[in-house]
Each structure stands twice: as C-alpha cells, then as structure tokens.
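# A structural walkthrough
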Amino acid sequence: MEEVTRPVSGAELGDSVPRAPAMEDQHPEQEDPEFEVETLPRGAEMAVGPRPCGSAKEPGADAEQTKTSIKDRIQALRLRQTLELLDEMQEEKDFSIQRTREELSACRQRMNLLSKQQKNMAAQTALERENNNMAAVGRLQAASRRLHTELENEEALQSRITATLKENQNAMWHIELKKVQFEDARKCIQEEAEAKGRRLQAHAAQQLHKEKEALGKAERNRLLRTRKSMHLQRELGLKHQKLLEDAQRNHKVAVKFLKASLGRIREREQKEETESREHMKRRMDAVLALKNNITANRETLRKFQAWGQARAELVEQKAQAEKELILAQGGDAFRHLIHQHRLQELEAQKRTFEEEQKLRRLEIVSKILKEEAKEENRKKKQHRPARTTECRTLRDKTWNYISDICEGRVEPVTSHYPDEEPEDEPPQHLWLSKALSTECVQVDLADLNIQEEVLAEPEIPGLWSEDYKPYQVPKEEVDQKPVGGTKMDRDILARTMEQLRSGIIHKQVVSGREFKGRPFNSKPEVIHFKDFDVGKVYKKKITLINATYTINYCKLVGVEETLRDFIYIDFDPPGPMSAGMSCEVLVTFKPMINKDLEGNVSFLAQTGSFSIPLKCSTKKCSLSLDRELIDFGSYTVGETTTQTITLTNTGGLGTKFRFLVASDNYGTEDYEAILKMEEQKRPENMRGTLRSMASGTVDHGIVPSQSSLFTFEDKSIYEKIITSFSETPFEGFESVADLPSRWDPEKQDEAEVPPVANGAGPNEEQMEITLGELTEGEIGPFSSIRVPIIFTPTIPGQVEARFKVAFKNPQSPTLYFRAVGLAVDVPVWLPRPSVDLKICMFDRLYQDSILVHTRSKAALRLKFEVCKELRGHMELLPETGYIQAMSTYSVQLKFLPRLSLPEDAGKYFDKDSRVLEAPMTIRVADQIKPVEFTVQAVVTTSDLELNPSEVDFGYCTVYEAIRTEINLSNHSLLPQMFGFVGLPKFVDIQPNDGFGTIMPLETLQFDVIFQPAKAREYNFELVCKSEINRCFKVSCRAVGVLPPLELSHYQIKFPATPLYDTSVATLYVINSHLSMNKLTHSLPRIGSEEATPVGPTSFEFLPPPNSPITISPLVGTVLPGKRCLVQVSFRPVLSHEAIVGEAVQIMTKEMESKFRKDTFALKKDLWKQTMSAVRIHTKDRPTRMSISHVATLHKQGPVNSSVQYEVAKANLIRNFQGKFDKFVVPCVVASGDIKDWKASEPLSFSKLHSGETQVLELSFSPHESIMAQETLNIITKRGTLTLTIMGTGVASMITCSIEGNVLNMGYVIARESVSSSFKLQNDSSLPIKFWVQLESLSSTRAEARQKLPQFLTSVAQRTEIVGTQNHNGQSVFSVTPVEGLMLPGKAQDFTVTFSPDHESLYYSDRLQVVLFEKRVSHRILLQGAAREHMMFVEGGDALDVPVESLTAMATSDPDHREESDELKPILVTLDYVQSDMDTPAPPATRELHVGCIRTTQPSAKKTGEFSLDSLTWLQHKGFTIEPSRGSVERGQTKTISISWVPPADFDPDHPLLAWALLQLRGDVKETYKVIFVASVVTGP
C-alpha cells in the first residue's frame, strides 16, 4: 500500500476534493469564504458509498470472494489514501492549534510585563518630576512611549493570533466530521489488513519450513566436504613429509659438493694472490729501473747543456775576435758579420735539404714496398697465375738498383714477395707526407718497358667502346616549360588555391567564444631525423590531436619544394574529429644527399592551415673535454704520477684527433693537410718490390723533428737536435760528442755551430709534464677516449704546460687544456706538517709519534727543538738522531699540559678559544733551512661543578621523603663519564642512579631523594667521581623526625569525579606511642632532642586555600593506642571568577543584540527624515543608551542567583575539559589535648630553630632587551644582607609573512567561504607563547560601537576597523590556531577563513597577535567582500557609506534571480589638468575592474561577460574606453581603462556629464549605470 508523505495545502485539497452534499446540508455556516477546509477526493466518496453497507450486511460474502476486480482495488487504494490524508491533516491542524495557543499565551505574558513596566515607568516619571530631573523625565517619557507602542503592537498581535486560533479550531472540527463519515470504511480496511496479515503469517510459516529443510541439506553437504578436506590434508601431509626427507638428502649431497667447490676456489684465490704479488714485484723493479734511467738522463742532459753553452761561448769569442781584427784593419765589422751569418745559414739550409731528400727517398721506397705488397696480396686472393721467379721485369731491376744506391750496397739483393705487410703506417713517418714532392726520385719511367702488363676490362661495356656517342637532348625537350610552370602560372595557381581555401576555412565559435590558435597539436612538435646516412630509409610517426572546441577536419597540403624529393607523407584523412581526438601521420625520409634539410609539412584544417617543422640533420662531431685544468698537486722530484683527461664525442660522426703541446709549431691547418695527404691515392708507377727496402734503414737514433717542415729561421739545427734528443732515449750514443758527427759526418769540421737560443736546450716544463702513449687516433661516434697525462718533476718549482687537441674534421674547433704541478726537492720532510693532538686536558699525558722521511742518499744528523715557552709542557724524544739514506725516522712527542700553560705559552695559546699552536723545529746537518712543523691542541679543563655546594633538607619524618635538585655542570670541552659513589642507604639519586656521561659544556639536573630511617641529625657528603678519578663533593645535612602520630595512608588517589560531584576516601590517624622504653621500640623525637612523652597528641590538617579538598575532622586529639577516622572529600567545582567572566561575556553579547534591535527600529521610524536629522538623532540617543547599559552592567554585575550567572555556569559545565590536580596537605602534630589550650592562645605545633630556611620568591619582567642588575637588601635586627640580582631580557622577535599588515580575502559568493594562510616566524632564542584575538570578539567592542562612525568624524578614513559582520551572529572571519607555543627558530602557520552570509563590500576585522598575554606583536587588518552573484565591478567614487543599514535587507531568491532590472549607479570623475605651458597635457584617466568570482555552485557558464554601450556618443564627448566588451575567467579580473580629453566645444565653466550602461552576464544579468563627470582644472 502506497503511503502519502507529502503535506497537502488547503488550496490543493480544496481544488481536488469537493465537499460532500450531506455535510453541506448539516453545516451551512461553513459556506463562509473566509473558512477554507480541505475536502476529500471525489473517488474516495464514491468508494465509501457501498463499502459500509456491504461490510455490515454481508461480511461472509466478501470473505468468500477469491478475486477482486480492478475497479474495487482502485477504490480501496483511493480510500486508504483519503484516510491517511485526513490523519495527516488532523495532526497538522492539531500542531498548529497548540503552537497558536502557545503564541497567544506568550503574547499575553508580554502584555502583562509591558503593563507592569509602564506602571513602573509612570511611577519613576512622577518621582523624577518631583525631583525636578528633567533629563531623566524626558528619557523616561521616551521609554514610556516606546512601551505604549509595543503594547499596542502586542494587542494587535493578540487579535490576529485569536482569529487564527478560531479558524484552526473550525478546520479541526470539520476534519473530525469527515473522519466520522469515513469510520465504517476505516473498519473495513482494518479487517482486510488483518486478513492479509494472517495470510502472510501462513506463508511465512511455509517458507520457514522450507528454509529449515534447505539448512539441514546444507549441513549434510558441509560435513561431507569436511571429511573430504581432512582426507586431502592427510595425503598432503604424507607428500610433504616425503618431500622434506628428499630435501634433507639432497642438502647433504649439496653440502658435500659445496665444500669441494669452496676448496677449489680457495686454491685458485691463493694462486691469484701469488701471481699478483709477483706482478707487483715486477712493477716495483720496473719503477726502480725507471728512476735510475731518469737520473742518468738528467745527468746526460746537464752535460749536453753545458757543452752547448761552451760551444756558444766559443763561437761568441771567435766572432768577437774577428770583429776586433776587422776593426783594427779599418773594415766594416757589422757587414762582415752579416755576410758570414748568411753564409752559415745557406750552408745549414743546404745540409738540411740534403738530409730531407735522403729521408724522403727512404720514405717513398717504403711506401712503394707497402703498396706493392698490398697489390700482391690482392692478386693472390684473386688466384692469379703465379709468375716465374726467373722472369724478372725491367721494373723490378730498376727498383733493385734504386734500393742499392739508397742503402749503399754494391750487390743487389734478391727480392721476394712478403706474405703479410702491415696496412697502417707508423705514426712517426706521417710527417713525411707533408714534404712529399716529385723531386725525391728523378727516374724516367717512360722509357722502361713494362712486360706482362695486363689491363683489366670494364665489367659494364658502353663508355669504353670506341663507337660510343654521348646523348644529345632534343630540341623539343629544350623548349618545354620549367618544372612547376612559369612564375605567372605559379601565381595563378596560388590565387586559385587561396580562393578555394577561403571557402573551406571558416571561424569556429562555441558558447560565444571564437577559437584562435593552432587547430591541431602534434606529438612530437618537431619532426627531426638525426644522424642520417645517404641511401637508408627512415620512418617516423606523429600524432595530430584536435585542440579546437568542437569537431574539426584535417587535410594534408604537402611539403615544401626543397623536401619533395626526400620526404614522403602517408596520411589517411580520418574525417570529422571531435575535440581531443587524434590521428597518426607516417613520415618517410629517404636521403639522397649528405646535407642538412629544413622545412615544414603543411596541413589544412576547417579553422585554418597549420604546419609542422621538419628537420634532417647529418652526422656531426660534438667534441669536448671533461676539464680544462689538470692539477697534479705537490710531488717530490723523481716521482711520477699520471692523470687522465677524457675526450668525448656526443655527435654521430667520428674523426681523427691528435694531442699536441700548445707551444709546438704544428697548427690545425697543418695537421688537416697532413691527414688529407695520407689518404690520397698513391701513384701506381711508384711501387716497388724490394723486400730489403720494406724494413727501412732510417736511423731512429736521430729522428728528424717536426721542425723540418719549416724554414731555418724558426729553429736552428742544434735546437732540432736538442729537441729530438730530449724526446728519444740516449741508448744509441757512446758520448755526446758523437752527436754532431752522426748528424753530418762530411761537414762536421767545416760547419760552424750557431749559438743555442736562450742558453738552454729544451723546455723543461715540456719534459716534466708530457703526454702518454695514446696521443692520436680516431674517436668514433657517441664514444669517449681517455688520454693519460704524465707528471715527472725534475726541478723544484711550479710547472705548467699547455696542450691542444687538433681534429681532422674542419668543423671541429681546436680544444685547449692546461696541466699544472708543483715539484719540491727537500731531503728531509714530514708527511704531517701539522700534528693535531685534538682536545687535551690539563695534567694529563698525551703522546704521539712523528715520522720523518728523507730523500737523501746519505745519512743525516737531525736535532729536534721545542720552543722555549713550551719546554716545561712539551718534549721531543730523542733530541738528536741519525736518519739513514732513503728511510724514515720516528720521534716521540710527549705533551703534559700543566695549569700554568696559558701564562707560559704566551702568544702560542689563545685563552678565548683554548687553542695551542706550538712551532717545532728539526735542524738538519749541512742544511741551512730547517724543517718546521706545528703541534696543535685544544687544552681544556676536567672540572665538574656541583651546584649548590651545600644542601639542607631540613626536617623530614621517617614516613616521607624529601626531594631536592642539584646541577652537575661540565666545564670541559670533552664528554666525561661520572657517577655518584658511596651513597648512604637513606639517599637516592635519579635518574639512572646518578651514573652517566655528561657532554661538553652541558649541565645535568639530578634529584636527590632523602628518606631517613630513624630520628637523628644527618651530616653526609655526596661524592661524584669522573672517569679520570677526580672527586667532587656536596655537603648535606638533615634532621630526621619520628612523630608520635602516623597515618594509615600517605597517598590518596581519587577516581575521575564529575563537576559538583563528590568522591570520599578514609584514612586513620594512629597514636602508637605507648611506652618510653627505648629498647622495645624507637621513641618519637625530633632529631637528637628528647623523646616525646606518652599521652594524648593533637593534630591539624592544613588544606590549601580554595582547594576542592574537604577533611573532616580538621583538628583532633588521639589517645595512646587509639586511632581517629578522617574522611577526605573531593568535590570539584567551577571558580566564581570564571563564572563571572563568562556571564559578563554573555551579558555583553545580549546588550549588543538589544542595541542593534533598538537602532534598527529607530532608523526604520526616521527613514523618511533628512540626513542631517538622522545624524543628530544618531549622535545623541544611541550614545546615551549605550552608556547607561554599560554603566548598569559594571555597576550591578551578575550575582550568584541571577539568570546570567546560571547560564554562564551551565555553559562552562557543558564545555568543561577534564584535568588532573595534585594537592599536598600538611598535618601538624603537637603534644597534649586540644581542649587544654586556651581559646585566646594561638595553637603552635612546632618551634623555629636556628638553621631553618625561609624561601623568597623573586620575579623578573623586563620591558626591553637589556641586561638588568639590581640590589636586594634584607634587613634584620642584627644586620643587613645585600644580594645582587641580575637578569637578561631577550626581545621577542616575531616576523610576519604578510607585507603591509593587510590581508585581503577578495570577493566571495555569499554563504560560501574562502581560506588564506600566513606564517609567523620566531627569530628569538626563547620559546614564545602566543594568543590570536579578533577585534570583533573583544570585550571593548560594545563600547566602541556606541561612538559615531568613522565616515562622520573623519574624512580621510571612511571605513571602520571592524566593519560589516554576519547576520547569523557568527564571526565572518575565523583564524586557527588561536593559541600555542612557537619554538626558537620555528614558524607557525595560521589559516584565516572568510565566511560571509550576505552581500556587503565592507567586511573587515582586525587580528591581533598577543605575546605572553601582555604585548601585542602584530595587528593585521582583514578585509573581504561578498556578492550574491558571480560578477562584480570595482572602481569609481564612493556613493554609499561603509556602515551597513539596520533595515531589513531583501534577500535574493535563488529560484528567481535570472535578471535584475535595478540600475546600480557607478560614479567616475575625471579631472583634466590643464597647464599654462604650450605642451599638451596628458588625458585624464580612470580604471574600472570587472571580475568573476570562483565559486563551488554549479553554473552553466564557466566565464563571465561584460559589455559597455553608448560608445559612439561617449567618443563624441571625448571619452575613450578600452575594452568595451570581453569575457572574464573565474577567479580573474579585467581592467577597463577610461581616458578623457576635452572636445573642441567643451565649456570649462560647466562640468561634462555623460553616462553609459555596463552589463554583466554571469549567473544572472546585472546592469550598472556608469556616470561620467569630467571637468578641467588648472595645474600648477
């Protein structure tokens, strides 16, 4: 049965349900039009007619029917609906009647209250009139008039409520009559429902039976599955056990084989280790041999340099003698010397040329032999018939003869063909190809008869035939048009295609937005074929993605003409493509030429054409070095070190390279020419077949240097010899004197040796820093090569060498790098020039070993000296020693710093940093310069300080323990282990039982717990020992007390107790002092005083003031052997101060609400008056009312029985957070009965003895960052005690991330919220506790609101600090967190939430950050604006006041806010400044900002639009507005610039007035009337 849950109004029911005729006859008075009652549907009355009769007369017949017709079912359904509707209407009317009666009762109560107030007001008025207080009389009369008006309003309200109540009662009666009419139908429906329920029960019973049967069957199936699973588990268990046994057996076998394998591996490792040791030994031998060779070469080089200098001096002396002789004879000495110098140069050039010719002949022959060998190998591979050895050609004989002449042999040598010859030439002969010429071998080979010479025939005949004729182009083809047509044809085709495309291309506009930009995006954006090879085919796929707003098409136009021969595009147009869909394009590239290509692939879309860039890049070299500077550091003369530099090629093309010294005369152009000449094809007629020439007879002892490629002016012959000599080993020479003779044996006596330049031979830096073996080669694409650089220092000093890398590829620039190193040559040296002893303590011995090395080959005597200032603290043993050749010597350093070290060391010790730097000296015999080194150490103390040095525990009973704190400070720079040892049994130190490690300059706090075992005086010491066995002591004293009374419990733990509830605990006060026999038990006493006598003993509990603890009884007497029951109650309550504070806040809020209502009513009554009258009235009345309310609040205050007090108390109870409290309750004991004491005599339970301690509490509250110091005088009868109090104030430095202390939240849709965050940084060294307060929630807010608004009192400041607030009573701004603790150097994040509930432009508040509940650190102004719609306009002059009106604001209906016909004005004033100068003045400008708010509400538009009309008229008036229309995205703003220049017909005496309509289209359409007021003002 369907139930109707929607409430139906009377109008709806009256329209659909007619009244019954019978009811109309019985109640004619209901025809009154003011009385409207819901009636029943017509179908329901039809269903009711036969139903009661049938059910009353023939109930059995209806029960026997098996099937109900459709009509009966419909009637029954309508009847049920009607009855349910009547029930709902009755409930609604009943509720309405009750609510109306309550309102009527409340109205009558208010009327009675107003009557009473009116009577009281009349009495007060009469009283004040008698007192002649006219001001009070006027106020009371105004209040009386207000009460009279409210009473009249209440009476009118009572009459309306009475009429409404009567109407509802009449409607209720009518509904009751209707229900009586349908009573029989209701009974019939109930009977049918009961019958249906019985049928459902029977069906449910049958269904339950079936379910039980199904459950039994399922249970049997489950048991069967359980048996099967158990059987399977047993089988799996057996299989698992079998597998485990197999695994164990396999494991045993594997372990056996593993042991055997490990044994073999160990044997192999031992063998490898032996081999590595042998290899290392061989390397060490080689290094020693290399050092010996270096030493020998150095000596030889020095001899050679001395020889060169001697020869130069001899030549100089000879030339000087000749010059003097010529001068003596009267000749021209200068001319003679020049002539002689030229003759020497010519002779030297001649010798050089002859040597070069000889070497060139040898090189040519060697090359011919190699080419001949290659040719023979190629012919052998082709299985050419072998030639007979007896048949030798004339060519062979000729080359044999040339070979004999070059080698100086008389008899020819029989030649044979070598089997293999190296294909690559040696690198040392590459330089010969530069000087290769046709003058090397002058043989006329044209006259030689070449026998058995076979010419190969071409494989493809045609061009070789004699009858071949070249193809000639016919004239018809010559006259044809060029490819692509003439220029005119191409222009016509371009214009035709443009016309066709203009019909295809059209603009795409979706939702008012036109698409502009690239219609399709490609992935990748650029088609790039890198490092291609000619002849290969490359393919790439690109994806085109539709970037437009809707469906688009794409068509391939083609590629540029320069790419058509190489690029092929495979593109199948996909048809219409939706936005975001993609298609693929296949690009095929087949390069025919090795050249970079660039172009575009053009496409045509429905919205326009676009193109994709295409690039084809050839293989290139990209060479770089990993570094430009190699720093070897410091090395000793004679040592050798190697570092590598990496040459990297990141390009796809390889090239040849060569590493050269930057000072060499090889240039990049020379090296490129050499490499090119090497690859030139050698002439076939220059080949030879002599094997004797293949090996070459070049004397490598004197290899011509690279300088042979240049003239004699660059280098002399002896410079060439020295350079070659320095680069090759001196193994082939018997003496240095043989060198010139072997170079030119024929003219060694005749030729004069010119002087060596600069008096020295080779460059020493070049000798010390050299290149490794790998200096040239070929680097492949995408590879790198590591080249070693060797540093072998020979002379002490700084060494620097420059190198360059030249490449064959002309596009690769030459790379340069430098290598630097430092060579030292000291016979005695230290590996550690500075000995660091780290941190040392006073009076502790520290030792270190200093290792001394020597490079000398003789033993040396060493003397070790300590500076005289430190000889009493530092010692070097032994003081004198001998170090053997090429060995080391160890010296023992002992350092025992004493306490007098700071004074003794003087300048070597820094007292602030405690750093000691002591210079030490090693004096070497026969060496002027001593070896110095420095000993460094940080000397610190080992003192530990205990504070305080004396501890007085005072009086302590044996039933309790006293805890005090002591501090352990470490003044050392080293951590120290410590421990409190020898502690008495009655003392305990925590934590960690007094043991631990204290870090440098750290202070630890320990708790000393004293619990006496008996009553006596205690004097003891606490001993703290450090790890170096130093002792530090603290003196302690205490007095143990055994009281005559004891408590059964010394600690009570109450359970969690609610507020204003009570928890009770019990304890006993026991008097166990029965006898004075000290042998049986300890007698109660105070320290060593006399024992307390046996007798009644009194006690008194002293609970803390204002504590929730109640003790009963507080005072009592306990007889010996008795005990007294004491009940301790715990009842937590709220403090009176907290309740009063909460009540004051509640009353303040009520007063603000009441004041707001009164002001609202006042403004409503005086709305039609003038603005001046409103200001005077607002200025006088509300201020007096607020002052009276505030005075009453502070004067009366909430009392304990007031309603505000109870409300505040309930509020605090509801928001109470649980807390844990701890209370200590002393119990004072005295001998005797409490009744024996006189009433006037105060009760004294103890005496003040000498040595007792009184605690004084001092507080320090600095106001600025200074160090404060004051003197405290404690004056007694015997004297004055002076204490000096010092403290340092630390400024709380807080920085805020907001600039300008203004946080603008922007525009927000009303009833939505937006959040923003900022940070506060604690830059001070102490933690700072902060509170965040809003000005709108402060207690002084009510007083501030009684004052006049800012726009009335101040012209400069229009807005209030606390602006518009929410109507719902909630704060429009909220901030989290509101309080916390900022640690030093940390930042705290704050979140400000702006939640307006209505539209306003003047939401504002001020946020204050308060530190330590006293000082205000930052004041941040919070601003925001709210709008009902998503579009807004900013700018213009202010036309309203920033204070919100108290009248009722018409809220916009969200269902009917399509358009707003109201024109909202915006005033824009423009002042054109006209100067007296001839220069034109700039136009007057203003700006309007149109924005769209980002909102979470669903909206059909994602953007807002704006438009400004009447532009033509405004332009005629001189206004220029840009832009006049546009769209704004959500969360963005756009600026409308307005400028004005006076037109020609403008009258300066009258301002220009114009206006235009600005329409905003967002979620609704809004229209603003922008009023422009322009005037001309005179400038300065």
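Since the structure is predicted, the reported quantities are computational estimates derived from the model, not experimental observations. The written sequence of each chain sets the order in which its residues are numbered from 1. Where totals are concerned, whole chains, interfaces and linings use all residues; where local detail is concerned, this predicted model gives features only for residues with pLDDT of at least 70, and gives and counts side-chain atom pairs only at 80 or more. Processing note: side-chain calculations cover all non-hydrogen atoms of the structure and skip hydrogens and water entirely.

A cluster of acidic residues, Glu269, Glu272, Glu275 and Glu278, forms a negative patch on the protein surface. Along the chain, glutamate 272 falls in helix H8 (residues 183–329). Summary of the burial criterion: residues with accessible area below 20% of their type's maximum are buried, those above 50% are exposed, and those between are partly exposed, where the area comes from a 1.4 Å probe applied to protein chains only. Taking relative accessible area as the criterion, glutamate 272 reaches 46% and is therefore assigned partly exposed. Like charges within 9 Å and nonpolar side chains (Val, Leu, Ile, Met, Phe, Trp, Tyr) within 5 Å are joined into patches, using only residues over 30% in relative accessible area that form no salt bridge. Reported accessibility uses the Shrake-Rupley method at a 1.4 Å probe radius. Residues are deemed covered only where the shown protein chains occlude them. The working definition used for a salt bridge is a side-chain nitrogen of Lys or Arg within 4 Å of a carboxyl oxygen of Asp or Glu. Positive residues here are Lys and Arg, negative ones are Asp and Glu, while His and the chain termini are left out of the count. All charge positions are set by atom: Lys at NZ, Arg at CZ, Asp at CG, Glu at CD. A helix here means a DSSP run of H or I that spans at least four residues, while a strand means a run of E at least two residues long, and both kinds are numbered starting from the N terminus.

So, about unusual backbone geometry. Of note, the amide linkage connecting glutamine 990 to proline 991 takes the cis form, showing an omega dihedral of 10°. Position of proline 991 relative to the elements: it lies in the loop between strand E34 (987–990) and strand E35 (995–998). Looking along the chain, the bond that leaves serine 1112 and enters proline 1113 is cis, with omega of 0°. With respect to the element layout, proline 1113 can be found in the loop between strand E43 (1109–1112) and strand E44 (1115–1118). Phi angles above zero are rare outside glycine, and phenylalanine 782 is one such case at about 55°. As for its placement among the helices and strands, phenylalanine 782 is situated in the loop between strand E16 (776–779) and strand E17 (783–791). The residue asparagine 1029 is not glycine, and still its phi comes out positive at about 70°. Positionally, asparagine 1029 belongs in the loop between strand E37 (1017–1026) and strand E38 (1031–1042).

Its location among the elements puts cysteine 1024 in strand E37. For cysteine 1024, a relative accessible area of 0% translates into the label buried. Taking the C-alpha atoms as reference points, cysteine 1024 and leucine 968, separated by 56 residues in sequence, lie 9.4 Å from one another. Setting aside anything within four residues of it in sequence, one finds cysteine 1024 in contact with Leu946, Leu968, Phe978, Gly979, Phe980, Arg1030, Cys1031 and Phe1032. By definition, residues are in contact when any of their heavy atoms lie within 4.5 Å.

Before going further, it helps to examine the sheet that holds E43. Pairing between strands requires that DSSP locate at least two bridges from one strand to the other. The four strands are arranged E39-E40-E45-E43 in an open sheet whose pairing can be described as antiparallel. The sheet is open, and its two edges are formed by strand E39 (1045–1047) and E43, each paired on a single side. Each neighbouring strand pair of the sheet contributes to a mean axis angle of 25°, computed without reference to strand direction. In the sheet, strand E40 (residues 1063–1071) pairs with strand E45 (residues 1123–1130) via eight bridges, with the strands oriented antiparallel. Looking at the pairing, valine 1069 lines up with cysteine 1124 of E45. Note on definitions: angles span 0 to 180 degrees between N-to-C directions of axes, and those axes are lines fitted to C-alpha atoms, for helices only across the stretch in contact.

Below, the discussion takes up the packing of aromatic side chains. Any two rings among Phe, Tyr and Trp, with Trp reduced to its six-membered ring, count as a pair given centres within 6.5 Å; such a pair is stacked if its planes are under 30 degrees apart, edge-to-face if over 60, and tilted if neither. As enumerated under the stated definition, the model contains 34 aromatic pairs in all. When the centroid spacing of 6.1 Å and the interplanar angle of 65° are considered together, the rings of phenylalanine 659 and phenylalanine 817 count as edge-to-face. One end of the pair, phenylalanine 659, is in strand E14 (residues 655–661); the other, phenylalanine 817, is in strand E19 (residues 815–824), and 158 residues separate them in sequence. The burial state of phenylalanine 659 is the same as that of phenylalanine 817; both residues are buried.

Let us look at the pattern of salt bridges. If you walk through the whole model with that rule in mind, you get 32 salt bridges. Salt-bridge contacts for glutamate 273 lead to arginine 277; the nearest nitrogen and oxygen are separated by 2.8 Å. With glutamate 273 and arginine 277 both in helix H8 and four residues apart, this pair spans about one turn of that helix. For glutamate 273, a relative accessible area of 39% corresponds to the partly exposed category. Measuring nitrogen to oxygen at the nearest pair gives 3.6 Å for the salt bridge that ties glutamate 1335 to arginine 1406. Placement of glutamate 1335 in the loop between strand E52 (1328–1334) and helix H22 (1341–1344) and of arginine 1406 in strand E56 (residues 1400–1411) is noted, with a sequence separation of 71 residues between them. For glutamate 1335, a relative accessible area of 19% gives the class buried. Linked by salt bridges that have partners in common, Glu1399, Arg1427, Lys1464 and Glu1566 make up one network.

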